[in-house]
Amino acid sequence: MVELSGVLGVAMVALGMVLTPGPNMIYPVSRSITQGRRAGVVSLSGVAVGFLVYLLATNLGLSVVFLAVPELYVAVKLAGAAYLAYLAWNALRPGGVSVFAPEELPHDSPRKLFTMGLMTNLLNPKIAIMYLSLIPQFISLEAGNVLLQGFLLGSVQIVVALTVNLGIVLAAGAIAVFLARRPSWLRVQRYLMGAALGLLAVSVATDTSAPARA
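Notes on the structure follow. (Residues numbered from 1 in each chain as written. Predicted model: local features only at pLDDT ≥ 70, side-chain atom pairs only at ≥ 80, totals over all residues. Heavy atoms only, no water.)

1. Some remarks on the overall build of the protein
For clarity, the cut-off: Secondary structure elements are taken from DSSP: a helix is a run of H or I of four residues or more, a strand is a run of E of two residues or more, and numbering for both begins at the N terminus. The buried label goes to any residue with under 20% of its type's maximum accessible area, the exposed label to any with over 50%, and the partly exposed label to all in between, with areas taken from a 1.4 Å probe on protein chains only. In this analysis, two residues are considered to be in contact whenever any of their non-hydrogen atoms come within 4.5 Å of each other.
Broken down by element type, the protein carries eight helices and zero strands. Counting from the amino terminus, the protein carries its helices and strands in the arrangement α-α-α-α-α-α-α-α. Taken across its 214 residues, the protein has 45% of its residues classed as buried. A sequence separation of at least 24 residues applies to 86% of the contacts in the protein between residues at least 6 apart.

2. Focus: the packing of helix 2 (residues 23–35) against helix 5 (residues 110–122)
Note the following rule: The axes are straight lines fitted to the C-alpha atoms, using for helices just the contacting stretch, and the angles between their N-to-C directions are given from 0 to 180°. Note on terminology: angles under 35 degrees are roughly parallel, angles over 145 are roughly antiparallel, angles of 65 to 115 are roughly perpendicular, and the others are oblique. Less than a right angle of anticlockwise turn of the near helix away from the far helix marks a crossing as left-handed, whereas a clockwise turn marks it as right-handed. For this scheme, ten residues count as nonpolar: Ala, Val, Leu, Ile, Met, Phe, Trp, Tyr, Cys and Pro. Four count as charged, namely Asp, Glu, Lys and Arg, and the remainder, Gly too, count as polar.
The contact between helix 2 and helix 5 brings their axes to 8 Å, and the two run at 160°. Put simply, helix 2 runs roughly antiparallel to helix 5. As for how helix 2 packs across helix 5, the hand of that crossing is right-handed. Only Lys 112, Leu 113, Met 116, Gly 117, Thr 120 and Asn 121 of helix 5 make contact with helix 2, whose side of the interface consists of Pro 23, Asn 24, Tyr 27, Arg 31 and Gln 35. In the contact of helix 2 with helix 5, the residues fall into four nonpolar, five polar and two charged.

Fair warning: the whole summary comes from geometry, so function is off the table for now.
Right, here's the structure in full:
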């Protein structure tokens, strides 16, 4: 049985990460703004399948590799921190663009939208690090079946992430119009996003914890 503290802990981590705009939000939002809500939802469905891939891989033993080769764990963590720092720089640099700033993009087919959403998630180091190092922290050996706990806690993360992202995708057009009429708000949103990404990058890079046993 999963402990309530574990469920709440994963939910809080998932909420904090989903509210820090990254590739999994940026791609569906950009498609929702330029190609319509349906395109945004199709893109998000690809992101959802990516979450399931990570959930299955982690709970079926991928974390064992990191326990056996700690150097690989450190390398993945630092790569993720570097990527987050890159996203922060893109948001904070002069001439940076907000996730809600309308851009002219070619229309893609549903198949491409789904595939790009999937690949965006699978290549997102923030998600890899979450599944491989954060969620296992909330698994209790005393609570019983570790594999079942892993799947249930991962499912909590997926529900939180998809619920928040779906709401943002559906409202992206209205948010973009609102911010476009208020350029100063658009800049503030971009700076806050960049600062949050930068802090997360520093936190990941300086974390000295070892990979947890799942």
